[in-house]
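Structural overview
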There are 2 protein chains.
Amino acid sequence: MTASPSLARGEQTKQLIVDTAVRLFREQGYEKTTMRSIAQAAGVSVGNAYYYFPSKDHLVQEFYRRIQEQHSAGCAEALAEPSDLDRRLLVALHAGLDAMAPYHEFAGSFFATAATPGSPTSPFSDESVDARERSMAIFRSVVDGSTSKLDDELRGDLPELLWLCHMGLTLYWVHDTSPGQAKSRMLVNRAVPLVDRLVALSRLRVLRPLVREALALYRALR
Amino acid sequence: MTASPSLARGEQTKQLIVDTAVRLFREQGYEKTTMRSIAQAAGVSVGNAYYYFPSKDHLVQEFYRRIQEQHSAGCAEALAEPSDLDRRLLVALHAGLDAMAPYHEFAGSFFATAATPGSPTSPFSDESVDARERSMAIFRSVVDGSTSKLDDELRGDLPELLWLCHMGLTLYWVHDTSPGQAKSRMLVNRAVPLVDRLVALSRLRVLRPLVREALALYRALR
DNA sequence: GTCTATATCTAGATAGAC
DNA sequence: GTCTATCTAGATATAGAC
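Residues numbered from 1 in each chain as written. Chains lettered and ligands numbered in written order. Predicted model: local features only at pLDDT ≥ 70, side-chain atom pairs only at ≥ 80, totals over all residues. Heavy atoms only, no water.

Scanning chain A from terminus to terminus reveals ten helices and zero strands. If you list the helices and strands of chain A from N to C, you get α-α-α-α-α-α-α-α-α-α. In terms of its C-alpha atoms, chain A occupies a principal-axis envelope of roughly 65 × 45 × 35 Å. When burial is assessed residue by residue, chain A has 46% of its 222 residues classed as buried. A total of about 11,400 Å² of accessible surface is found on chain A, and carbon and sulfur atoms cover 55% of it. Side chains of chain A carry 26 positive and 26 negative charges; the gap between the two charge centres is 2 Å. (Helix = DSSP H or I, 4+ residues; strand = E, 2+ residues; numbered from the N terminus. Buried < 20%, exposed > 50% of the residue type's maximum accessible area, 1.4 Å probe, protein only. Areas by Shrake-Rupley, 256 points an atom, 1.4 Å probe, with all protein chains shown as cover. Lys, Arg positive; Asp, Glu negative; His and termini not counted. Charge placed at Lys NZ, Arg CZ, Asp CG, Glu CD.)

It is worth spelling out the interface of chain B and chain A at this point. Taken residue by residue, the interface counts 33 residues in chain B and 32 residues in chain A. A buried area of about 2,800 Å², summed over both sides, lies between chain B and chain A, and 72% of it is on carbon and sulfur atoms. Broken down residue by residue, the surface that chain B buries against chain A is led by R190(B), L210(B) and L221(B), which jointly contribute 22%. Applying the counting rule to chain B against chain A returns two salt bridges. Close ionic contact of E213(B) with R190(A) constitutes a salt bridge, the shortest N to O distance being 3.2 Å. Summed over the shared surface of chain B and chain A, the number is seven residue pairs in polar contact (both at pLDDT 80 or more). (Contact = heavy atoms within 4.5 Å. Buried area = accessible area lost by both parts, 1.4 Å probe. Salt bridge = Lys/Arg side-chain N within 4 Å of Asp/Glu carboxyl O. Polar contact = N/O pair within 3.5 Å; in protein donor to acceptor, adjacent residues only side chain to side chain.)

In this section: the domain arrangement of chain A. All names here are of chain A. Segmenting chain A into domains produces domain 1 (1-54) and domain 2 (58-221). Relative to domain 2, the C-alpha centre of domain 1 lies at a distance of 30 Å. Contacts between the two partners involve 17 residues from domain 1, matched on the other side by twelve residues from domain 2. Considering only the surface of domain 1 that becomes buried against domain 2, F25, R26 and Y30 emerge as the three largest contributors, covering 43% of it. Scanning the region where domain 1 abuts domain 2 turns up one salt bridge. R66 is paired through a salt bridge with D19; the nearest N and O atoms lie 3.0 Å apart. (Domains from an automatic or database assignment.)

Our focus in this paragraph is the protein's contact with DNA strand C. Inspection of the region around DNA strand C gives 16 residues, with T13(A), N48(A), Y52(A), Y50(B) and K56(B) positioned closest. The contact in question runs from a phosphate oxygen of DNA strand C to an N or O atom on the backbone of S45(A), over 3.3 Å. Taking M35(B), its main chain carries an N or O atom lying 2.8 Å from a phosphate oxygen of DNA strand C. Elements that contribute at least two residues to the surface near DNA strand C include exactly α1 (9-28) and α3 (46-52) of chain A together with α2 (35-42) of chain B. When the residues that make up the surface near DNA strand C are grouped by side-chain class, the tally is five nonpolar, eight polar and three charged. (Near = heavy atom within 4 Å. Nonpolar A, V, L, I, M, F, W, Y, C, P; charged D, E, K, R; others polar.)

So, on to the environment of A220(B). Along the chain, the position of A220(B) falls in helix α10 (residues 208-221). Discounting chain neighbours no more than four positions away, the residues touching A220(B) are K183(A), M186(A) and R190(A).

Bringing the protein's contact with DNA strand D into the picture now. Neighbouring DNA strand D are 17 residues, the closest being M35(A), R36(A), Y50(A), S45(B) and Y52(B). Protein-proximal atoms of DNA strand D, defined as those within 4 Å of the protein, fall in sugar or phosphate at a share of 61%. T13(B) places a side-chain nitrogen or oxygen 3.5 Å from a phosphate oxygen of DNA strand D. Within the side chain of N48(B), an N or O atom sits 3.2 Å from a sugar or linking oxygen of DNA strand D.

For these two chains of identical sequence, chain B goes onto chain A by a turn of 179° and a shift of 0.1 Å along the axis, with RMSD 0.2 Å. The transformation just described matches what one would write down for a two-fold rotation axis. The rotation axis passes nearest to the C-alpha of A112(B) in chain B, at a distance of 2.6 Å. Of all interface residues in chain B, 97% are interface residues in chain A too; the two copies therefore contact each other through one and the same surface. (Least-squares fit on C-alpha atoms with pLDDT ≥ 70 in both.)

Moving on to unusual backbone geometry. Most peptide bonds take the trans form, and the phi angle of most residues other than glycine is negative. All names here are of chain A. If you check the backbone angles, Q181 has positive phi at about 55° while not being a glycine. When you line up the elements, Q181 lands in the loop between α8 (152-175) and α9 (182-201). Since its relative accessible area comes to 14%, Q181 is described here as buried.

Attention now moves to the side chain of Q68(A). All names here are of chain A. Note on placement: Q68 falls in helix α4 (residues 56-80). Separated by 2.8 Å, the side chains of Q68 and S72 make a polar contact. Among residues more than four places away in sequence, those in contact with Q68 are A131, R134, S135 and I138.

Nonpolar side chains collect at one region of the surface, where L204(A), V206(A), L204(B) and V206(B) lie side by side and expose about 290 Å² of accessible area between them. Exposure remark for V206(A): the relative accessible area of 45% places this residue in the partly exposed category. (Patch = residues over 30% accessible without salt bridge, like charges linked within 9 Å, V, L, I, M, F, W, Y side chains within 5 Å.)

It is worth spelling out the packing of α1(A) against α4(A) at this point. Residue and element names in this part refer to chain A. Running from N to C, α1 and α4 point in directions that differ by 80°, and their axes come no closer than 10 Å. Here α1 lies roughly perpendicular to α4, going by the angle between them. Residues Q15, I17, V18, D19, A21, V22 and F25 of α1 pack against K56, L59, V60, E62, F63 and R66 of α4. A breakdown of the residues in the contact of α1 with α4 according to their chemical character gives eight nonpolar, one polar and four charged. (Axes fitted to C-alpha atoms, helices over the stretch in contact; angles between N-to-C directions. Parallel < 35°, antiparallel > 145°, perpendicular 65-115°, else oblique.)

With that out of the way, let us pick up helix α6 (residues 104-115) of chain B. Taking 1.5 Å as the rise per residue, α6(B) with twelve residues should run 16 Å; its terminal C-alpha atoms sit 16 Å apart, in good agreement. For α6(B), the tally of buried residues reaches eleven of twelve residues, placing the bulk of the element in the interior. Residues of α6(B) that are buried include every one of H104(B), F106(B), A107(B), G108(B), S109(B), F110(B), F111(B), A112(B), T113(B), A114(B) and A115(B), and no others. Check the buried side of α6(B) and you find it contacts α6 (104-115) and α8 of chain A together with α1 (9-28), α4 (56-80), α5 (85-100) and α8 (152-175) of chain B. (Expected span 1.5 Å × (residues − 1).)

The following block contains the structure:
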């Protein structure tokens, strides 16, 4: 039990490998970044890289974690003060796009493995439970700090539903080839008011049973 | 220009490779079925297989095409006669699940490449334009043969929107680990009435502007 | 426990000979 | 059109140094 101020040697190496991998992913994309090149650029052996990371996929997870951190940091300030639901959602979703933007060119190849059900990089996998929790926390904050009137039944599930919207947006963004992903931005700008109005309308008598059934179904399926 | 009754020799080889590949995909899944094993089982060389199919992905596309045919055939009869929209949609979506059911075990790995934006197996790629058209035709038939009252503006886009629902269902199904994919069936059974009611309600005065804006947004984004 | 080096395997993909 | 040989890259195994 040494109270050393710096990280343990193993942890340092691990960090070095991750940093190198993330840098190369960013510079060259997923496929072009081989385990050999990561090891070489980090000045370690291939075996050592595999000693710390069971597969290339596991390195990608670290990549996601950092984007996730960017996302949280990018909207923390704007979400600190209470505001309208639509304002907050707009901020959270745009911050998400901002965090991913530098990687759009390569996002496709990352996404492929992430979308695979069994993959450790899937946002629904056990391995990504931490990243998922942190990501959902953003949308919990979106709802909790909202000054808008909300249906009590909806309120409990809303953070998770908005997180799913964020996942859906990501899915669209990955396939969005418009310059600067302008279409994704437009989707956010125009869909958020729609969601806001829908949430407001959900309290109407005609829509109430429909909303209740939809929520019940959602709970049964997740 | 020979008017030979049988296929040209090249076409025969191509068929042989496809048939073998599809059979092995079905028996062993995507990853376990290597180009080598396909070639060996078909009695040709690896190089020959690559002569006809530029990549393994292109062989997968043929696999999809056959599932798609199953889907169309599986609901053609039930859709021949006019009926209610919800009845038709239910039939079409369950037929889709039926067609995919035998492959659920392996669906994940297929799905990974299909979800990749650049991939030729993506349902949105140029290469799959044929399969996509055939698949959408099912939902066009769902709408066209419907006896339910439909908003005129919605009617034009509805087939495409329902096809997107089918894609969404597929996405859920791939990740559905419940026994016999019971949850996906439940999703269909309970979501279809919801969709039906939503379509009916879309003609209400309070919802009209919302529906119009949603449709306009959809058209701007596709 | 941390790390290297090397050899080897597997599988997608390609080149060039025939 | 077809084959064999070869390349690349992810992944594993092993043996050993510290």
